[in-house]
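Residues per chain are reported as follows:
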Amino acid sequence: MRKRICVVWLSMILIFVLAGCGDKAEISGNAHDSQAGTSGNVQKPQEEGEPQTTADSPVAGKKIAYILNMSSSEIFQLCANQCVATAKKLGMTCDVFFSNGDDTAFQNYISTCASGGYDGLFLSHGGQDYSYTFLTDLLKKYPELKIVTFDTQFKDSAGQTQKIEGVTQFFQDDAGFATSLLDYICAELCPGKECVNILKVWVGPNYIAAFDRREVGYQEYEASGKINTLEVIGPTDYSNATASMYDVMSATLMKYKEGEIDAVWVAYDAYAQGCYQALKESGRNIPLVSVDICNMDINYMLEEKSQWKACACTDFKANGEQGVRLLALELNGDYEDIKEPKTEETTDFFEMPSSLITQDMLVEGTTIENLYDVAPKQYGAVENYVSNDWLKACIGY
């Protein structure tokens, strides 16, 4: 194992050396992509125009990493940028690693950072089938390492949900995503209908933790009798999910007559993009709602006669800042200040609140960068952040 880590670490050092030949990136830290467990392109840090530490920070000089077990995308780039910017305000450095959904690469990056002297790790989208065991073993080897996880469930070999002492977990309000979209379908898109017929686009159970958590909210509606699920569909090719969902959706629509599908509920916007294209091409006027948001989603929602009516989401810029704030509190031993914002109770587990973005809120020129201008107040609200006196002094809120 030691030999394997050394090889990975040496390859990363070589990449850092070569990084001087690359283009300056938007992200103000070192971003690393992985293909099949090996390091890929490295983006140079941006050195100008970045926020500086605004007060004495007790975590100044600490070195942290944001490691994402997904491919880079608009929302994850927002998250990464804010991780780096927030760390800089606190006098820390933050490197960014994208594993492109490769679980082996994800774990290799974590092990390499742990052995390479990083003080803290913000880990996103770890697999629930290995995260608990892997991180428990890692912390036995590196007991001083601090870890915060996002959208990562801890389950043991028996499938039981577990905690790891000293590790803070935070999630999006996944159940709230599901229920807010179903609320909107029932109240606004199909008002007065006793039971709404839903075509459900989802994968599970045990595919990823976020989808299972969204299912909790969906099942509440199903159990109440407010909705009837006609069918559950998902991509057949996960490596090209949007195109796959276009094919699956096109075939599925042919099975149903006009009026039989009241709405399409989609657990993930990459799936929704394929579904929307199929709906548009078919000419069927069936409303669609989905979880997550990006610029392509917004553009589709703004199209004339668009069937894409709403997205439920969180602000990924805020998610990035929250992760670094939590890590900073852990690094300074301020676990008593990790509190659920609404209840003010100390916790090691909490959720970022869901916001519903509807088609009628959007205007020409809306992007995920300026979505604050039209979104509900809780979207990216300062009140959602954990904080204490020194964080407020350094960051300003």
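Refer to the preceding data block for the structure.
Residues numbered from 1 in each chain as written. Predicted model: local features only at pLDDT ≥ 70, side-chain atom pairs only at ≥ 80, totals over all residues. Heavy atoms only, no water.

One finds Tyr-66, Leu-90, Val-264 and Trp-265 to be the most contacted residues of the largest nonpolar core, which totals 95 residues. Of all hydrophobic cores here, the second largest spans 21 residues; its members include Ala-65, Phe-134, Phe-154 and Val-167. (Core = buried A, V, L, I, M, F, W, Y, C linked by side-chain atoms within 4.5 Å. Buried < 20%, exposed > 50% of the residue type's maximum accessible area, 1.4 Å probe, protein only.)

What follows deals with a nonpolar patch on the surface. Where nonpolar side chains cluster on the molecular surface, the patch consists of Tyr-207, Ile-208 and Tyr-238 and spans about 270 Å² of accessible area. Tracing the backbone shows Tyr-238 in the loop between β9 (227-233) and α7 (241-253). (Patch = residues over 30% accessible without salt bridge, like charges linked within 9 Å, V, L, I, M, F, W, Y side chains within 5 Å. Areas by Shrake-Rupley, 256 points an atom, 1.4 Å probe, with all protein chains shown as cover. Salt bridge = Lys/Arg side-chain N within 4 Å of Asp/Glu carboxyl O. Helix = DSSP H or I, 4+ residues; strand = E, 2+ residues; numbered from the N terminus.)

A few words on the packing of helix α2 (residues 74-89) against helix α10 (residues 316-331). For the pair α2 and α10, the least separation of the axes is 7 Å and the interaxial angle reads 40°. By the criterion of interaxial angle, the relationship of α2 to α10 is oblique. Once α2 is placed against α10, the crossing between them reads as right-handed. Residues Ile-75, Phe-76, Leu-78, Cys-79, Gln-82, Cys-83, Thr-86 and Ala-87 of α2 form the contact with α10, whose participating residues are Phe-316, Lys-317, Asn-319, Gly-320, Glu-321 and Val-324. Class assignment for the residues of the contact of α2 with α10 results in 8 nonpolar, 4 polar and 2 charged. (Axes fitted to C-alpha atoms, helices over the stretch in contact; angles between N-to-C directions. Parallel < 35°, antiparallel > 145°, perpendicular 65-115°, else oblique. Left-handed = near helix turned anticlockwise from the far one by under 90°. Contact = heavy atoms within 4.5 Å. Nonpolar A, V, L, I, M, F, W, Y, C, P; charged D, E, K, R; others polar.)

Topologically, Val-203 is positioned in the loop between β8 (196-201) and α6 (209-224). As for Val-203 and Tyr-268, which are separated by 65 residues in sequence, their C-alpha atoms are 9.6 Å apart. If we ignore the near neighbours within four places in the chain, the residues touching Val-203 are Phe-211, Gly-234, Pro-235, Tyr-238 and Tyr-271.

Here the focus is the sheet that holds β8. The strand order across the open sheet formed by 6 strands is β9-β8-β10-β11-β12-β14, and the pairing between neighbours is mixed. Here the strands that pair on one side only, and so sit at the sheet edges, are β9 and β14 (355-358). Direction aside, the axes of adjacent strands within the sheet are offset by 20° on average. Against the sheet, helix α5 (residues 174-189) touches β8, β9, β10 (263-266), β11 (288-291), β12 (308-313) and β14, its axis set at about 150° to β12. (Pairing = 2+ DSSP bridges.)

At a minimum axis distance of 10 Å, the contact between helix α8 (residues 269-282) and helix α9 (residues 295-302) shows a crossing angle of 30°. With respect to α9, the element α8 is oriented roughly parallel. In the packing of α8 onto α9, the handedness of the crossing is left-handed. Along its contact with α8, which presents Asp-269, Gln-273, Tyr-276 and Gln-277, the element α9 presents Met-296, Asp-297 and Tyr-300. Of the residues assigned to the contact of α8 with α9, the class counts are 3 nonpolar, 2 polar and 2 charged.

Right, let's get into the layout of surface pockets. In this structure, the largest pocket occupies an estimated 1300 Å³ of space. Elements with a minimum of two residues in the lining of the largest pocket: α2, α6, α7 and α8. When the residues that make up the lining of the largest pocket are grouped by side-chain class, the tally is 17 nonpolar, 19 polar and 9 charged. One number sums up the size of the second largest pocket: a volume of about 270 Å³. Every residue lining the second largest pocket is counted, 13 residues in all, and those nearest its centre are Glu-340, Lys-342, Glu-351, Pro-353 and Asn-384. Of the residues that constitute the lining of the second largest pocket, the class distribution is 6 nonpolar, 2 polar and 5 charged. (1 Å grid on protein atoms, 1.4 Å probe; cavity = no way out; pocket = protein on both sides within 12 Å on 5 of 7 lines; lining within 4 Å. Points joined across faces, edges and corners; volume = space filled by probe spheres on them.)

Now for α10. End to end, α10 covers 23 Å across 16 residues, agreeing with the expected 22 Å (1.5 Å per residue, within 8%). The buried count for α10 comes to 15 of 16 residues, which makes it a mostly enclosed element. At the exit of α10 stands Gly-333, carrying a positive phi of roughly 75°. (Expected span 1.5 Å × (residues − 1).)

The values are spatial; any link to function lies outside them.
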